[in-house]
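Structure assessment
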Amino acid sequence: MRTFKVLAVLLTYPEQTWLDALDELEVLLRQERRANGNADARLSELFAYLRGTSLLTLQESYVATFDQRTCHSLHLFEHIHGESRDRGSALVNLAEEYRCHGLEVQAAELPDYLPLFLEFLSLRPEREGRRLLGEAVNVIALLGERLAREVSPYAALFDVLARLSPVRPTPAPRPPRQMEEAVIHFGPNPEGVEPLLKPNSPH
């Protein structure tokens, strides 16, 4: 589903090359309205923000939102494993899964980077892409909640992703420590298939 690819682009570091293609990205979302739940309309404010803000401001805001705040990190396994050793083996497994399906991970990229994961989903049949998205929906929903509390224009994108999932997100437990520091788990697989994103899952 091309919607996943569009969402991946919108979540990457702002560059003029893809900002100049916002009209085309919006058209692609509009063409898949039935499948993506009117994502173009749900993301209208994000598109307006991207169009109406200077490149430098977009870049500074992006870094402040996603790169300087661990609680908003776009690296999925950071919210599951934190800095534990388990994250390394999970990253290796995920990278191997990508390669098996024709997606090569560049040396500078970590496989659990959400835009890269969404690009991978766009290469799979729609049903499978949605199923795999469902495995990450708990992390995605939590990020969306955190961004919504800060009135980030990116919050709507995470809401769109959560709606595309075939399973509803399970609320993360609230331990005594800060929610921003909590490590959570990927959601259940509705079809009983071994989750691709399960920590340390065999491949």
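What this report covers is the structure whose coordinates are included nearby. Note that the coordinates shown come from a computational prediction; the quantities given were computed from them, not determined experimentally.

Attention shifts here to the overall build of the protein. A tally of regular secondary structure across the protein gives 12 helices and zero strands. Moving toward the C terminus, one meets the helices and strands of the protein in the order α-α-α-α-α-α-α-α-α-α-α-α. In the protein, which comprises 203 residues, the proportion classed as buried is 50%. Counting contacts in the protein only where the partners sit at least 6 residues apart, residues at least 24 apart contribute 68% of the total. Total accessible area computed for the protein in this model is approximately 10,100 Å², and 51% of it derives from carbon and sulfur atoms.

On to the side chain of serine 122. Structurally, the position occupied by serine 122 is in helix α9 (residues 114-123). The exposure class assigned to serine 122 is buried, which follows from its relative accessible area of 18%. Separated by 2.5 Å, the side chain of serine 122 and the backbone oxygen of glutamate 119 make a polar contact. Dropping the residues within four chain positions of it, serine 122 is found in contact with Met1, Phe4 and Lys5.

At a minimum axis distance of 11 Å, the contact between helix α3 (residues 22-31) and helix α6 (residues 44-52) shows a crossing angle of 170 degrees. The pairing of α3 with α6 is recorded here as roughly antiparallel in orientation. When α3 is examined against α6, the residues Leu22, Asp23, Leu25, Glu26 and Leu29 are found in contact with a partner set consisting of Phe47, Leu50 and Arg51. Its residues assigned to classes, the contact of α3 with α6 shows five nonpolar, no polar and three charged.

Relative to the helices and strands, aspartate 112 resides in the loop between α8 (86-100) and α9. On the basis of relative accessibility, which here comes to 0%, the residue aspartate 112 falls in the buried class. Taking the C-alpha atoms as reference points, aspartate 112 and leucine 76, 36 residues apart in sequence, are found 5.2 Å from one another.

Take the pattern of salt bridges next. Considering all chains together, one arrives at 11 salt bridges under this definition. In this structure, aspartate 23 engages arginine 51 in a salt bridge whose closest nitrogen and oxygen atoms are separated by 2.8 Å. Here the residue aspartate 23 occupies a position in helix α3, and arginine 51 occupies one in helix α6, the gap between them amounting to 28 residues. Its relative accessible area of 39% is what places arginine 51 among the partly exposed residues. Close ionic contact of glutamate 126 with arginine 130 constitutes a salt bridge, the shortest N to O distance being 3.0 Å. Here glutamate 126 pairs with arginine 130, and both are found in helix α10 (residues 126-135), just four residues apart, close to one helical turn. Residue glutamate 126 is classed as partly exposed on the basis of its relative accessible area of 36%. Linked by salt bridges that have partners in common, Asp23, Glu26 and Arg51 make up one network.

Turning our eyes to something else, we now look at α6. Since there are 3.6 residues in each turn of an α-helix, residues three or four apart along the chain are aligned in direction. When we look at burial in α6, the residues that qualify are Leu46, Phe47, Tyr49 and Leu50. Burial along α6 is one-sided: seen end-on, the buried residues are contained in an arc of 160 degrees. Exposed residues lying more than 90 degrees from the buried face of α6 are Glu45 and Gly52. Its buried side turned inward, α6 meets α1 (2-10), α2 (16-19), α3, α7 (55-67) and α12 (155-164).

Analysis parameters
Residues numbered from 1 in each chain as written. Predicted model: local features only at pLDDT ≥ 70, side-chain atom pairs only at ≥ 80, totals over all residues. Heavy atoms only, no water. Helix = DSSP H or I, 4+ residues; strand = E, 2+ residues; numbered from the N terminus. Buried < 20%, exposed > 50% of the residue type's maximum accessible area, 1.4 Å probe, protein only. Contact = heavy atoms within 4.5 Å. Areas by Shrake-Rupley, 256 points an atom, 1.4 Å probe, with all protein chains shown as cover. Polar contact = N/O pair within 3.5 Å; in protein donor to acceptor, adjacent residues only side chain to side chain. Axes fitted to C-alpha atoms, helices over the stretch in contact; angles between N-to-C directions. Parallel < 35°, antiparallel > 145°, perpendicular 65-115°, else oblique. Nonpolar A, V, L, I, M, F, W, Y, C, P; charged D, E, K, R; others polar. Salt bridge = Lys/Arg side-chain N within 4 Å of Asp/Glu carboxyl O. Arc of directions from axis to C-beta.

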